[in-house]
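One-letter residues, chain by chain:
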Amino acid sequence: MNESTFVYVTEIATTPEKLWEALTNGEFTEKYWFGRQVRSDWTEGAPVVFLLGEGAVAAQGVVLKSEPCRLLSYTFEWTEDKSTRERATKVTIELQQMDESVKLSLKHEHLLPTDLREEPAGGHGSIGRDGLNHGWPIILNGLKRLLETGSAK
């Protein structure tokens, strides 16, 4: 199977502790992640779920690695994904303290060609429908704005 990897890197004017909290706390993720609340205890092997406002599961996975304020890795499966996959996709987020900011490096692995799109589908609110290469930048730019200005918009 022909797999791809999507990589996105940004710097955010914040601390590793505040960025970690924003990545792992559902009250924060709801503000910048298309309204989804992430839920997990972030221990290796623990489930990760992304919940819609009404409580339906939008995506799920399993924590592979968790080093607070430094590294987070988990499998990632959209509940609406009908693709035939040999294995779940894998998201890895690394945080690195810079002078007065934190470098966030995201890597999403084991992607199929259909996970990436040249143009977004036109909708707003689905990382899967619009292509991961369009969804992740929207999510991470919202995260950056939220931490730097207090608003994800």
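By convention here, each chain's residues receive numbers from 1 onward along its written sequence. Restriction of local features to residues with pLDDT of at least 70 applies here, the model being predicted, together with a cutoff of 80 or more for giving and counting side-chain atom pairs; totals for whole chains, interfaces and linings are based on all residues. Side-chain numbers here rest on the full set of heavy atoms in the structure, without hydrogens or water.

Enquirer: Let's hear about the sheet that holds strand β3 (residues 47-51): which residues, and what values?
Expert: Taken in spatial order, the seven strands line up as β1-β7-β6-β5-β4-β3-β2 in an open sheet, and their pairing is antiparallel. In the strand order of this sheet, the two ends are held by β1 (4-12) and β2 (37-39), each with one partner. On average, each strand axis in the sheet is tilted by 20 degrees relative to the strand beside it, whichever way the strands run. Of the strand pairs in this sheet, β2 and β3 are connected by three bridges, and their pairing is antiparallel. Paired with Gln37 across the two strands is Leu51, which belongs to β3. Contact between two residues is taken to exist if any of their heavy atoms lie within 4.5 Å; hydrogens are not considered. To get an axis, a line is fitted to the C-alpha atoms, and for a helix only the part in contact is used. The angle between two axes follows their N-to-C directions and goes from 0 to 180 degrees. Helix and strand assignments follow DSSP, with helices taken as H or I runs no shorter than four residues and strands as E runs no shorter than two, numbered in order from the N terminus. Strands β1, β2, β4 (57-67), β5 (71-78), β6 (89-97) and β7 (102-111) of the sheet are contacted by helix α1 (residues 16-24), whose axis makes an angle of about 160 degrees with β6. For two strands to be treated as a pair, DSSP must find at least two bridges joining them.

Enquirer: Provide a residue-level description of the packing of aromatic side chains, including the pertinent values.
Expert: Each Phe, Tyr or Trp ring, with Trp reduced to its six-membered ring, pairs with another whose centre is within 6.5 Å; inter-plane angles below 30 degrees give stacked pairs, above 60 give edge-to-face pairs, and intermediate values give tilted ones. Inspection of the entire model under this criterion finds 11 aromatic pairs. On the basis of an interplanar angle of 25 degrees and a centroid distance of 4.7 Å, the ring pair of Trp33 and Phe50 is categorised as stacked. Linking Trp33 in the loop between α2 (26-32) and β2 with Phe50 in strand β3, this pair joins segments that are 17 residues apart in sequence. For every residue, the accessible area (1.4 Å probe, protein chains only) is compared with the maximum for its type, and the residue is labelled buried under 20%, exposed over 50%, or partly exposed between those bounds. Judged by its relative accessible area of 4%, Trp33 falls in the buried class. Since its relative accessible area comes to 3%, Phe50 is described here as buried. Pairing Phe50 with Phe76 gives two aromatic rings, centres 5.6 Å apart and planes at 70 degrees, and the pair type is edge-to-face.

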